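# Inside the fold
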Amino acid sequence: MPGWQQLHDEAAHADATDPLRHLRDRMALPEGVAYLDGNSLGPLTHAARDAVRRAVDEEWGTGLIGSWAEGRWVDLAPRTADRIARIIGAPAGSVACADSTTVNLHKALHAAVSLVPGRRRIVTVRGDFPTDRYVAARVAADRGLVVHQVPAEDLAGALDSDVAVVSASHVDFRSARIADLPGITAAAHAVGAVTVWDLAHSAGAVPCDIHAAGADLAVGCGYKYLNGGPGAPAYLYVAPRHAEVTSPIPGWFGHADPFAFGEAYVPAAGARRFEAGTTPVLGMTALHAALEAFDGVEIAALRARGMDLTARFLALCDEHLLPRGMTLQSPRDPAVRGGHVTLGHPRAQELVRHLAANGVVGDFRPPDGLRFGFAPLYVTRAEVVRLARALAEAR
Ligand SMILES: *Cc1c(COP(=O)(O)O)cnc(C)c1O
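Remember, it's a predicted structure, so these values are computed and weren't measured experimentally.

## Looking at the sheet that holds strand 10 (residues 340-344)
Across a sheet, strands are paired by hydrogen bonds formed along the backbone, either parallel or antiparallel in direction. The antiparallel open sheet is built from four strands, whose spatial order is 9-10-13-12. Every other strand in the sheet has two partners, leaving strand 9 (327-328) and strand 12 (363-365) as the edge strands with one partner each. Judged from the three bridges that link them, strand 12 and strand 13 (residues 369-373) form a sheet pairing that is antiparallel. Across the sheet, F364 pairs through a bridge with L370, a residue of strand 13. Running at roughly 15 degrees to strand 10, helix 9 (residues 299-321) makes contact with strand 9, strand 10 and strand 13 of the sheet.

## Describing the packing of helix 1 (residues 4-16) against helix 9
Where helix 1 meets helix 9, the closest approach of the two axes is 13 Å, and the angle between their N-to-C directions is 170 degrees. Relative to helix 9, the element helix 1 lies roughly antiparallel. Listed contacts from helix 9 to W4, L7, E10, A11 and A14 of helix 1 are R312, L316 and H320.

## Points about helix 11 (residues 381-393)
Taking 1.5 Å per residue as the helical rise, helix 11 with its 13 residues ought to reach 18 Å, and the 18 Å between its terminal C-alpha atoms agrees with that figure. Of all 13 residues in helix 11, ten are buried, a share of seventy percent or more. Buried residues of helix 11: R381, A382, E383, V384, V385, L387, A388, A390, L391 and A392, and no others.

## Re the domain arrangement of the protein chain
Each assigned domain of the protein chain is listed here: domain 1 (4-45 + 298-393) and domain 2 (51-294). For domain 1 versus domain 2, the separation of C-alpha centres amounts to 28 Å. Buried surface at the junction of domain 1 and domain 2, both sides included, amounts to about 2200 Å², of which 59% is carbon and sulfur. On the domain 1 side of the contact with domain 2, N39, I299 and H340 bury the most area, a combined 23% of that side's loss. At the boundary of domain 1 and domain 2, one finds zero salt bridges. Linking domain 1 to domain 2 there are 14 residue pairs in polar contact (both at pLDDT 80 or more).

## Quick notes on the site of the ligand
Every residue lining the ligand is accounted for by S100, T101, T102, F129, T131, D132, S169, D198, A200, H201, Y223 and K224. The separation between an oxygen atom of the ligand and a polar side-chain atom of T101 is 3.0 Å. K224 has a polar side-chain atom sitting 2.5 Å from an oxygen atom of the ligand. In isolation the ligand exposes 390 Å². Once the protein is present, 88% of that is buried. Put simply, the parts of the chain that give the shell around the ligand at least two residues each are helix 5 (101-115) and helix 6 (130-143).

## Considering the nonpolar core
If you look at the biggest cluster of nonpolar residues, it comprises 92 residues, and the most contacted ones within it are I88 and F313. Tallying contributions element by element places helix 9 first for this core, with eight residues. Two domains each put at least three residues into this core: domain 1 (4-45 + 298-393) and domain 2 (51-294). If we ignore the near neighbours within four places in the chain, the residues touching I88 are V95, L199, A203, C208, D209, I210, Y235 and Y237. Among the nonpolar cores identified, the runner-up in size contains 25 residues, and L105, V135, L145 and V165 belong to it.

## Topic: the pattern of salt bridges
Scanning the entire structure with this criterion turns up 20 salt bridges. With a shortest N-O distance of 2.7 Å, R332 and D318 are connected by a salt bridge. Linking R332 in the loop between strand 9 and strand 10 with D318 in helix 9, this pair joins segments that are 14 residues apart in sequence. R332 gets classed as partly exposed once you look at its relative accessible area, which sits at 47%. For D318, a relative accessible area of 36% puts it in the partly exposed group.

## What to know about the side chain of T101
Along the chain, T101 falls in helix 5. Those residues within four positions of T101 in sequence are excluded, and the remaining contacts are D198, V219, G220, C221 and A234.

## Examining the sheet that holds strand 6 (residues 194-198)
Reading across from one edge, 2-8-7-6-5-3-4 is the order of the seven strands in this open sheet, with mixed pairing throughout. Either end of the sheet is taken by a strand with one partner, and the two such strands are strand 2 (95-98) and strand 4 (146-150). When strand polarity is set aside, the average angle formed by the axes of neighbouring strands in this sheet is 20 degrees. As defined by bridge partners, strand 2 adjoins strand 8 (residues 234-238) across four bridges and the pair is classed as antiparallel. Looking across to strand 8, one finds that C97 is bridged to Y235. Each of strand 5 (163-169) and strand 6 is contacted by helix 7 (residues 181-190), which is oriented at about 155 degrees to strand 6, the strand it contacts most.

## What about the packing of helix 9 against helix 11?
Between helix 9 and helix 11, the least distance of the axes is 10 Å, while the angle of their chain directions is 25 degrees. Judged by the inter-axis angle, helix 9 sits roughly parallel to helix 11. In terms of crossing hand, the pair formed by helix 9 and helix 11 is right-handed. Of the residues in helix 11, those in contact with R305, D308, L309, R312, F313, L316, H320 and L321 of helix 9 are R381, V384, V385, L387, A388, L391 and A392.

Cut-off values and rules
Residues numbered from 1 in each chain as written. Predicted model: local features only at pLDDT ≥ 70, side-chain atom pairs only at ≥ 80, totals over all residues. Heavy atoms only, no water. Pairing = 2+ DSSP bridges. Helix = DSSP H or I, 4+ residues; strand = E, 2+ residues; numbered from the N terminus. Contact = heavy atoms within 4.5 Å. Axes fitted to C-alpha atoms, helices over the stretch in contact; angles between N-to-C directions. Parallel < 35°, antiparallel > 145°, perpendicular 65-115°, else oblique. Expected span 1.5 Å × (residues − 1). Buried < 20%, exposed > 50% of the residue type's maximum accessible area, 1.4 Å probe, protein only. Domains from an automatic or database assignment. Buried area = accessible area lost by both parts, 1.4 Å probe. Salt bridge = Lys/Arg side-chain N within 4 Å of Asp/Glu carboxyl O. Polar contact = N/O pair within 3.5 Å; in protein donor to acceptor, adjacent residues only side chain to side chain. Near = heavy atom within 4 Å. Areas by Shrake-Rupley, 256 points an atom, 1.4 Å probe, with all protein chains shown as cover. Core = buried A, V, L, I, M, F, W, Y, C linked by side-chain atoms within 4.5 Å. Left-handed = near helix turned anticlockwise from the far one by under 90°.

Listed below in structure tokens is the structure:
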């Protein structure tokens, strides 16, 4: 069995010959830290830091209201949305960037219910991210529907002609299991239902191909793999064929001509009608610039790199961790394993704290999960070895 030093040297060699190794230079990561939590909060990019400084000092500090009048901020949200569109496989103009994921999900579910009147059920996944479950329950109650929660693997089987909407995460936030987004979308359409996908844990790590899959609506998060910064604006995709769907919040920023201050609400064309209020300019500036880290990068190449990272980690788990009390809570099949890996251990919280004190950052997910994100833009193979070694030596 090779020793840790040999494993590290082999990994460092693979890093040095990786055609995507230059991407890490776009990140402003602190020295000496192995950051394996980019699926909770992506790191700062050099571009975002520069852009936010410029926006504060020049655009806001000096330009004041003139920065609106000059048009520097007016189309910042749609320009950001179009960068996200490429990453999730959506056509330009079909994504709005605004609000939080929670608020966008609320808007998307209302819009989805409006597309399929007269049906009684919203199907969701048991154990899905809390906000997704809370919002589905509220929208269902508001619209006179009921929520039917099923295990992820039973989604397709839970569909019949009484289902209005299927709402699920593309990648499960705990296990990283990838749902069959195209298959479930097709099954929903076959019974006349529509889909709302949450891409929070997939976009930027796993191809979503949301348009090719025929999905109806989708939402996602700006601050995870997209690195937009804490509380970054989120996004909402609406399929071009549903471009005329109603947003439940007819805000002035989703108006066809906000600065005409018109008497009547006239929705903007396409996704932009899902913008509600004024663009949060500083946060949007950070997200817009952070997305430059994806410039010139094929999502398929990122996915391949991410699969290599998680496969290497799993091999080390098999050798050093699973035989000694850790369990694997993520899929073994790389085809359905997303960008993170979750291990189980009764002392998970303590171990995560111990690792962080040694510069290896992951996170704890109750009750017993140690979750590590292998963001393919910047995590290195050497860090994978460092993580496995830190875990092996922690006990
Ligand atoms: C992270 C995450 C969210 C976050 O919602 P916010 O409103 O942006 O805080 C929502 N859904 C899922 C599945 C997530 O992973």
